[in-house]
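A closer look at the structure
Chain residues, written in single-letter form:
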Amino acid sequence: QVQLVESGGGLVQAGGSLRLSCAASGNIFSINVMYWYRQAPGKQRELVAAVTSGGGTTYADSVKDRFTISRDNAKNTMYLQMDALKPEDTAVYYCNVVLRVATLTRPSNYWGQGTQVTVSS
């Protein structure tokens, strides 16, 4: 059983900061890639940022200079530091992880339940 638990969402004024966390637990052998997605009401889910096991990162253009993704491999935890937040960042943020539960298993994709981020004007 694998569980992803997101935390750190909330209500913040424009220009403020939040740090999201995604903790993976359960039968985990290794984590390949960790992603943050977000979805605003009535809109498609979009990729915000990703971090690989080797530390490589990628960001959506809209957050490139404001958000920082990182991971703590020892804790199987991913973080998203969100600075200079804008109202358009308002969305439910979802953790997505590609991992293996055993040495000989194929990597599988898991989703968290999401955490709400609301940025007021």
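Refer to the structure presented above.
Residues numbered from 1 in each chain as written. Predicted model: local features only at pLDDT ≥ 70, side-chain atom pairs only at ≥ 80, totals over all residues. Heavy atoms only, no water.

Some details on the state of the cysteines
In the structure shown here, the tally under the stated rule is one disulfide. Shown here is the disulfide that connects Cys22 with Cys95, its sulfur atoms set 1.9 Å apart. Between Cys22 and Cys95, the disulfide has an S-S torsion of -70° and is therefore left-handed. Of the two residues, Cys22 is situated in strand E3 (residues 18–26) and Cys95 in strand E9 (residues 91–100); the sequence distance between them amounts to 73 residues. Neither Cys22 nor Cys95 differs from the other in exposure class; each is buried. (Disulfide = S-S within 2.5 Å. Helix = DSSP H or I, 4+ residues; strand = E, 2+ residues; numbered from the N terminus. Buried < 20%, exposed > 50% of the residue type's maximum accessible area, 1.4 Å probe, protein only.)

Describing the pairing of strand E4 (residues 30–39)
Within E4, seven of the ten residues are buried, which leaves the element mostly enclosed by the surrounding structure. Sheet analysis places E4 next to E9, joined by nine bridges and oriented antiparallel. Counterpart to Gln39 in the pairing with E9 is Val92. Alignment of E4 against strand E5 (residues 46–52), held across six bridges, turns out to be antiparallel. Opposite Trp36, over in E5, you have Ala49 as the bridge partner. Between E4 and E5, which pair antiparallel in sequence order, lie six residues; one of them, Gly42, sits at a positive phi of approximately 75°. (Pairing = 2+ DSSP bridges.)

A look at the side chain of Asp89
For Asp89, the location among the structural elements is in the loop between strand E8 (77–82) and E9. There is a polar contact of 2.7 Å between the side chain of Asp89 and the side chain of Arg66. Apart from the residues lying within four places of it in its own chain, the contact partners of Asp89 are Arg38, Val63, Arg66, Phe67, Ala84, Val117 and Val119. (Polar contact = N/O pair within 3.5 Å; in protein donor to acceptor, adjacent residues only side chain to side chain. Contact = heavy atoms within 4.5 Å.)

A short note on the sheet that holds strand E1 (residues 2–7)
The strand order across the open sheet formed by four strands is E1-E3-E8-E7, and the pairing between neighbours is antiparallel. Edge positions in the open sheet fall to E1 and strand E7 (67–72), since each of these has one partner strand only. Mean inter-strand twist for the sheet, computed between neighbouring axes without regard to direction, equals 15°. In this structure, E3 lies alongside E8, joined through six bridges in antiparallel fashion. Paired with Arg19 across the bridge in E8 is Gln81. (Axes fitted to C-alpha atoms, helices over the stretch in contact; angles between N-to-C directions.)

As for the pattern of salt bridges
Side-chain pairs of opposite charge can arise whenever the charged atoms involved come near each other. Following the criterion strictly, the structure yields three salt bridges and no others. Asp89 is the partner of Arg38 in a salt bridge, and the nearest nitrogen-oxygen pair spans 3.0 Å. Separated by 51 residues along the polypeptide, Arg38 in strand E4 and Asp89 in the loop between E8 and E9 bring together distant segments of the chain. Look at Asp89 and you get buried, because its relative accessible area is 1%. A salt bridge links Asp89 to Arg66; its shortest N-O distance comes to 2.7 Å. Of this pair, Asp89 sits in the loop between E8 and E9 while Arg66 sits in the loop between strand E6 (57–59) and E7, and the two are 23 residues apart along the sequence. Judged by its relative accessible area of 12%, Arg66 is buried. Within the structure, one salt-bridge network assembled from shared partners comprises Arg38, Glu46, Arg66 and Asp89. (Salt bridge = Lys/Arg side-chain N within 4 Å of Asp/Glu carboxyl O.)

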